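Coordinates in review
This is what each chain is made of:
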Amino acid sequence: MAEVARVVVRDPGSRMLPGGFWAAVAVWVEKPQVANKRLCGVRLEARRSVSLPQTEHTHPRPSTGPEPESFAKAGGCGPDSGPGPIRRSFDGGPGTGPSAGPELGRQEAQGRRQPEEEPGEAAAAAAAATPQLSGTPGQPGKAAAREGDLPAADLGSLWDAFARSLAGDNREALAFLTRPGAGSPPEGRLELDLVLRTVIPKTNPHCPLRGPRREMVVQDVLNGAVTFLPLEEDDEGNLKVKMSNMYQIQLSHSEGEWFISVLIFCPERWHSDGTVYPKPTWLGEELLAKLARWCVETRQSGFKSTLSLISIMKYSKAYQALKEKYKDMVKVWPEVTDPEKFVYEDVAIAAYLLILWEEERAERRETARQSFVDLGCGNGLLVHILSNEGESAITPNDKTLFPDVDWLIGNHSDELTPWIPVIAARSSYDCRFFVLPCCFFDFVGKFQRMQSSKTQYRGYLDFITEVGSACGFHVEEDCLRIPSTKRVCLIGKSRTYPPTREASVDEERTRYINSRRGRPGSPCSGGPALPPPGAAPGSAPGPEGPGALDARPGHAAEAGAGQRGPRAPTEGLWLSGFHPREKAERLRNCAALPREFVDRVVLQVAHLLLGRSPAGGSAQAWNRGGSLSLAEVAGELDRETLRRLKRECGGLQTLLRSSPQVFQVLNGRVRIRDWREERPRKQEEPEVKRRLSPDTFKTRICWFFAHHPDGCVLPADCCPFAHGPGELRPAPRTRKKKTAL
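1. Thoughts on helix H8 (residues 339-364)
Taking 1.5 Å of rise per residue, the 26 residues of H8 would be expected to cover 38 Å, and the 37 Å separating its terminal C-alpha atoms lies within 8% of that figure. Within H8, 19 of the 26 residues are buried, which leaves the element mostly enclosed by the surrounding structure. Of the residues trailing H8, Arg365 is marked for its positive phi of about 60°.

Pasting the structure below:
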């Protein structure tokens with residue numbers, strides 16, 4: 001036995017520990033892919049409370065953590081050939097989050113790695129976790145019943161067989177598990193929490209397939225230790241503990257300091273496969289540093305862990321297969337956007353939907369593939385992938401409802417996002433929806449956050465969940481593994497009401513949607529709802545009005561059309577004030593203005609600032625001018641110039657900010673930029689940001705060299721802009737940009 005490494009965790013006053021230790025352990029047990037990027041995730045299969053066989057401890061170990069020599073003497077694995085202890089100090093503060101896994105070769109052969117949890121989510125999960133792992137200690141249970149799971153009874157059989165070996169000829173392993181000297185229960189019987197998990201590695205078509213591996217995790221809360229017991233099959237197919245790869249994570253306290261240690265039972269026999277079983281040095285350096293950081297982080301997350309609604313194992317296989325199949329699209333990507341991000345993002349979304357629908361077919365005992373309509377504003381790649389994989393796509397037409405479609409998808413659906421649950425609810429009782437909200441829109445206009453305690457993103461997700469619930473859906477939330485900060489999806493698979501209540505529930509939908517009128521930012525606030533085309537003359541237009549949201553053929557009969565007037569046509573308005581986005585989005589920046597107009601305004605504003613130089617300045621000093629508020633600058637410009645700026649590029653401030661070489665706009669005031677002040681500030685930035693791009697260096701004439709009375713404040717060799725035509729270099733070729741209208 002050997003201690004691989006030990007770190008000191010700074011926790012003044014013990015505010016976070018020992019509870020923070022168990023929260024950090026919960027991350028490694030339940031979401032190991034946060035630390036080891038070569039893993040896809042885990043499946044928690046069963047848990048129960050167990051006890052160790054009673055025996056006398058012949059090799060006591062001090063609570064502060066023994067030296068490796070004492071472990072070598074206590075163990076029965078021969079001389080310690082593993083790495084020596086690594087003692088480090090960790091000051092517990094916000095970290096940069098999980099980094100890559102062990103450096104044992106390339107993880108993926110093509111494209112960027114599939115993103116896992118965001119850096120802040122590890123800390124959030126650690127802070128939110130409880131000292132016990134998921135489930136109820138003492139009761140056998142299932143965390144997520146998937147294919148190939150072992151029942152709790154088998155977990156008991158596995159433990160009983162292992163416990164018998166501990167009481168027999170495996171006393172060294174028993175001493176390793178019990179950590180004697182750190183504490184013992186008054187009754188003399190040590191109760192442990194036992195979890196069975198399946199560790200799922202990422203699949204890679206270029207490497208031999210490594211299948212999932214099972215582990216038993218033994219948590220000893222009283223003594224501050226968690227032991228990992230990997231399982232392997234013998235020649236007869238029976239599972240047994242792989243003794244050579246047993247390891248333990250310990251928390252200890254001595255002389256006012258907290259320590260976290262990693263110990264290996266048989267370091268000289270440790271087998272590393274580079275994925276499920278990393279090298280001991282990775283456990284002692286990478287993993288231990290992450291655990292120490294998570295122990296003292298306090299940030300909490302309002303989001304679920306990734307892929308909580310589908311099989312992680314199936315998803316991993318589907319993602320890798322699709323990624324390999326569509327990897328060539330990265331080479332021929334026609335857009336200006338980053339091809340790796342957008343191609344692999346849609347590949348990941350497609351993999352998620354394919355597994356979600358596959359499991360839905362199994363649950364419903366159906367064989368026919370689901371049909372879908374993508375109502376999003378993306379590039380169409382997701383539809384292309386899903387269609388190629390055998391799903392049935394329907395091209396949206398002028399009608400707003402899809403009674404023969406199984407699923408509505410909102411991928412980058414923008415203004416349509418809150419309407420998708422409504423459209424799904426009214427298309428048919430069996431229609432379901434999947435939305436991936438990104439931009440924040442209400443039914444009409446921009447979404448306005450109502451609770452300052454929530455982030456804008458969390459508030460918007462809660463709003464879309466509320467919309468789905470108001471439409472009669474059981475709304476589920478999941479987190480995708482995509483390279484995006486907006487990666488939480490909302491799914492409505494089932495209804496909260498029987499089909500016979502469709503009429504009354506639709507009236508509730510109508511009232512809810514109309515209740516959103518008058519919210520801040522809604523263009524239609526304050527005005528009455530207009531009756532839809534085809535509504536009876538003189539019918540009430542309010543929330544109780546006639547079919548204001550009725551647009552489905554046959555729906556009027558279900559809702560009592562005789563009392564509500566003629567049915568609205570499919571193109572009838574559901575709520576006045578909604579304006580779909582124009583096909584060609586108008587750019588509102590200085591690219592739409594003539595160059596000579598922009599140059600004239602810039603020169604005019606610069607002369608205004610240079611004329612406000614502070615009195616008493618040295619005649620030899622470079623004239624940096626004064627400072628004016630934006631209102632003062634606007635007061636010096638003619639009305640026609642201001643109107644043109646407002647109409648074409650959003651206003652005066654937009655133009656000044658788009659000329660950063662000349663102006664600095666801060667807190668509503670503008671002044672001439674002094675490049676001497678920029679250089680010390682640049683020294684504080686990372687080196688990669690300080691470096692001037694060779695492609696853009698000296699490709700534009702220096703404005704100060706050409707227009708300032710005193711010339712440029714920087715020497716020619718220090719200025720990134722050309723001092724005269726002789727220094728001018730040709731501009732690099734740029735990829736095509738969106739045409740300004």
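2. Examining the pattern of salt bridges
Oppositely charged side chains can pair when the atoms bearing their charge come close. Counted according to the given criterion, the structure contains 32 salt bridges. When the shortest N-O distance is used, the salt bridge between Glu324 and Lys327 registers 3.0 Å. With relative accessibility at 28%, the residue Glu324 sits in the partly exposed group. Residue classification places Lys327 among the buried positions, given a relative accessible area of 18%. A salt bridge links Glu345 to Lys341; the shortest N-O distance between them is 2.8 Å.

3. A short note on unusual backbone geometry
In this structure, the amide linkage connecting Leu17 to the following residue, Pro18, adopts the cis form with an omega of 5°. Although it is not a glycine, Leu307 sits at a positive phi angle of roughly 55°. Along the chain, Leu307 turns up in the loop between helix H6 (280-296) and helix H7 (312-325). Judged by relative accessible area, Leu307 falls into the buried class, the value being 3%. With a phi angle near 60°, His412 is a residue other than glycine that sits in the positive phi range. Among the structural elements, His412 can be located in the loop between strand S12 (407-411) and helix H10 (419-427). Of the residues examined, His412 reaches a relative accessible area of 25% and is grouped as partly exposed.

4. As for the nonpolar core
Counting 41 residues, the largest nonpolar core has Val9, Phe21, Trp28, Ile249 and Ile260 as its most contacted members. Of all the elements in the fold, those that place two or more residues in this core are strand S1 (2-9), helix H1 (19-30), strand S2 (39-51), strand S4 (191-201), strand S6 (225-233), strand S8 (247-254), strand S9 (257-264) and H6. By residue number, the principal contributor to this core is H6, which donates nine residues. Other than its neighbours up to four places away in sequence, Ile260 contacts Ala5, Arg6, Val7, Val9, Phe21, Ile249, Gln250, Leu251, Leu288, Leu291, Ala292 and Cys295. Counting residues in hydrophobic clusters, the runner-up holds 39 residues, among them Leu354, Leu382, Ile385 and Leu436.

5. What about the pairing of strand S13 (residues 432-436)?
Most of S13 is tucked away, with five of its five residues classed as buried. Along S13, one buried face is formed by Arg432, Phe434 and Leu436 and the opposite face, lined by Phe433 and Val435, is buried too. Summarising the sheet, S12 and S13 pair through five bridges and their orientation is parallel. Looking at S13, one finds that Ile409 is bridged to Phe434. Where the polypeptide runs from S12 across H10 and back to S13, its parallel neighbour, the crossover connection is right-handed.

6. Considerations on the pairing of S8
If a strand is regular, its side chains alternate between the two faces of the sheet. Judged by how many residues are buried, S8 sits mostly within the fold: seven of eight residues are covered. Once S8 ends, the chain turns through two residues before running back antiparallel as S9, passing Glu255 with a positive phi of about 55°.

7. Quick look at the sheet that holds strand S17 (residues 663-666)
The strand order across the open sheet formed by three strands is S16-S18-S17, and the pairing between neighbours is antiparallel. Edge positions in the sheet fall to strand S16 (627-629) and S17, since each of these pairs with one other strand and no more. Pairwise comparison of adjacent strand axes, ignoring direction, gives a mean angle of 25° for this sheet. Looking at chain direction, S17 and strand S18 (residues 669-672) are connected through four bridges and run antiparallel. Opposite Gln664, over in S18, you have Arg671 as the bridge partner. Helix H15 (residues 595-610) rests against S16, S17 and S18 of the sheet, and its axis sits at about 85° to S18.

8. Looking at the side chain of Ser244
Topologically, Ser244 is positioned in the loop between strand S7 (239-241) and S8. Judged by relative accessible area, which is 9%, Ser244 ranks as buried. Of note is the side chain of Ser244, whose polar atom sits 3.4 Å from the side chain of Asn245. What Ser244 contacts, discounting residues up to four positions off in sequence, is Cys266, Arg269 and Trp270.

9. Some thoughts on the packing of H7 against H8
Taken N-terminus to C-terminus, the directions of H7 and H8 make an angle of 135°; their axes are 9 Å apart at the nearest point. One element, H7, and the other, H8, form an angle in the oblique class. Crossing of H7 against H8: the hand is right-handed. From H7, Lys314, Tyr315, Ala318, Tyr319, Leu322 and Lys323 reach across to H8, where they touch Tyr344, Val347, Ala348, Ala350, Ala351, Tyr352, Leu354, Ile355, Glu358 and Glu359. Considering only residue class, the contact of H7 with H8 consists of twelve nonpolar, no polar and four charged.

10. Overview of the packing of aromatic side chains
Across all of its chains, the model carries 23 aromatic pairs by this definition. Note on Phe433 and Phe473: the rings are 4.9 Å apart at their centroids and 90° apart in plane angle, and the pair reads as edge-to-face. Here Phe433 is found in strand S13, whereas its partner Phe473 is found in strand S14 (residues 473-479), with 40 residues between them in sequence. Under the relative-accessibility criterion, Phe473 is labelled buried at 2%. Chaining the aromatic ring pairs together yields one cluster made of Trp419, Phe440, Phe443, Phe447, Tyr457, Tyr460, Phe463 and Tyr512. For Arg6, the ring lying beneath its charged end belongs to Phe259, and the centroid distance is 5.8 Å. Directly above the aromatic system of Tyr429 lies the positively charged group of Arg495, at a separation of 5.2 Å from the ring centroid.

Conventions we followed
Once a new chain begins, its residue numbering starts again from 1 and follows that chain's sequence as written. Given that this is a predicted model, residues contribute local features only at a pLDDT of at least 70 and side-chain atom pairs are listed and counted only at 80 or more, while totals for whole chains, interfaces and linings are drawn from all residues. The side-chain figures draw on all heavy atoms in the structure; neither hydrogens nor water molecules are used. Secondary structure elements follow DSSP: runs of H or I no shorter than four residues count as helices, runs of E no shorter than two count as strands, and numbering proceeds from the N terminus. Here, expected helix span is obtained from the residue count minus one, scaled by 1.5 Å. Burial status follows relative accessibility: with a 1.4 Å probe on protein chains alone, a residue under 20% of its type maximum counts as buried, one over 50% as exposed, and anything between as partly exposed. We count a salt bridge whenever a side-chain nitrogen from Lys or Arg sits within 4 Å of a carboxyl oxygen from Asp or Glu. Put simply, buried Ala, Val, Leu, Ile, Met, Phe, Trp, Tyr and Cys residues joined by side-chain atoms within 4.5 Å make one nonpolar core. In what follows, a contact means two residues having at least one pair of non-hydrogen atoms within 4.5 Å. Strands were regarded as paired on the criterion that DSSP finds at least two bridges between them. Handedness is read with the strands pointing away from the viewer; a crossover is right-handed when the path from the first strand over the helix to the second is clockwise. To obtain an axis, a line is fitted to C-alpha atoms, over the contacting stretch when the element is a helix, and the angle between two such axes runs from 0 to 180 degrees between their N-to-C directions. Nitrogen and oxygen atoms within 3.5 Å of one another constitute a polar contact, given that in protein one can donate a hydrogen and the other can accept it, and given that sequence-neighbouring residues count only through two side-chain atoms. Angles are sorted into four bins: roughly parallel if under 35 degrees, roughly antiparallel if over 145, roughly perpendicular if 65 to 115, and oblique for all others. Crossing handedness: left-handed means the near helix sits turned counterclockwise from the far one by under a right angle, and right-handed means the same turn made clockwise. Amino acids outside the nonpolar list (Ala, Val, Leu, Ile, Met, Phe, Trp, Tyr, Cys, Pro) and the charged list (Asp, Glu, Lys, Arg) are all regarded as polar, and Gly is one of them. Stacked, edge-to-face and tilted labels apply to pairs of Phe, Tyr and Trp rings (six-membered ring for Trp) whose centres lie within 6.5 Å, assigned for plane angles under 30 degrees, over 60, and everything in between, in that order. Here, a charge over a ring is recorded when the distance from Lys NZ or Arg CZ to the ring centre is within 6 Å and its angle to the ring normal is within 35 degrees.

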